Amino acid sequence: MIHVTIPLIPGDDGITLIPADRVTALLRTIAVDWMNSADVDDPAVDRQTVDSLAGVLDELADSIDVECIAFTSTPEGWARDGECGG
């Protein structure tokens, strides 16, 4: 079982933010944890399903990374630098 601490950042508008790099790291950590759990050869675990779900988490993390890179690469993103994570 994994244990992850994610910092919460209070926004000026009262919304709580989470750094995107921590979210993507969490998604990837969960995917790896699932893959490692599936390696135990438990007959109740469907390896193909675990692989598919882990792949979805990796794709979601990649998508968040791409969106953050695009956001911070534009002049609008420069004015709000850091909102997509580290």
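Figured I'd write up the structure that's included with this text.

Reading guide: rules and limits
Residues numbered from 1 in each chain as written. Predicted model: local features only at pLDDT ≥ 70, side-chain atom pairs only at ≥ 80, totals over all residues. Heavy atoms only, no water. Patch = residues over 30% accessible without salt bridge, like charges linked within 9 Å, V, L, I, M, F, W, Y side chains within 5 Å. Areas by Shrake-Rupley, 256 points an atom, 1.4 Å probe, with all protein chains shown as cover. Salt bridge = Lys/Arg side-chain N within 4 Å of Asp/Glu carboxyl O. Helix = DSSP H or I, 4+ residues; strand = E, 2+ residues; numbered from the N terminus. Buried < 20%, exposed > 50% of the residue type's maximum accessible area, 1.4 Å probe, protein only. Contact = heavy atoms within 4.5 Å. Core = buried A, V, L, I, M, F, W, Y, C linked by side-chain atoms within 4.5 Å. Axes fitted to C-alpha atoms, helices over the stretch in contact; angles between N-to-C directions. Parallel < 35°, antiparallel > 145°, perpendicular 65-115°, else oblique. Left-handed = near helix turned anticlockwise from the far one by under 90°.

**Things to note about a nonpolar patch on the surface**
Argument step 1. Side chains of I9, I15 and L17 sit close together on the surface and give an oily, nonpolar patch of about 250 Å² of accessible area.
Argument step 2. Within the secondary structure, I15 sits in the loop between β1 (9-10) and β2 (16-17).
Argument step 3. Residue I15 is classed as partly exposed on the basis of its relative accessible area, which comes to 48%.

**As for the side chain of T24**
Argument step 1. For T24, the position within the fold is in helix α1 (residues 20-38).
Argument step 2. With residues near it in sequence (within four places) discarded, T24 still touches A61, I64 and D65.

**Observations concerning the pattern of salt bridges**
Argument step 1. One pass over the full model with this rule turns up 3 salt bridges.
Argument step 2. Between D51 and R47 there is a salt bridge whose closest N-O contact spans 2.9 Å. Here R47 and D51 lie together in helix α2 (residues 47-72), a separation of 4 residues that amounts to about one turn.
Argument step 3. We classify D51 as partly exposed; its relative accessible area is 34%.
Argument step 4. For R47, a relative accessible area of 32% gives the class partly exposed.
Argument step 5. Each member of the salt-bridge network shares a partner with another, and the members are R28, D62 and D65.

**Points about the nonpolar core**
Argument step 1. Core analysis: the biggest nonpolar cluster contains 5 residues, these being L27, A31, A54, L57 and A61.
Argument step 2. Ranked by residues supplied to this core, first place goes to α2 with 3 residues.
Argument step 3. Not counting residues up to four positions away in its chain, the partners in contact with A31 are A54, L57 and D58.

**Digging into the packing of α1 against α2**
Argument step 1. Packing of α1 against α2 leaves a shortest axis separation of 9 Å and a crossing angle of 165°. Taken together, the axes of α1 and α2 lie roughly antiparallel to each other. The chirality of how α1 crosses α2 is left-handed.

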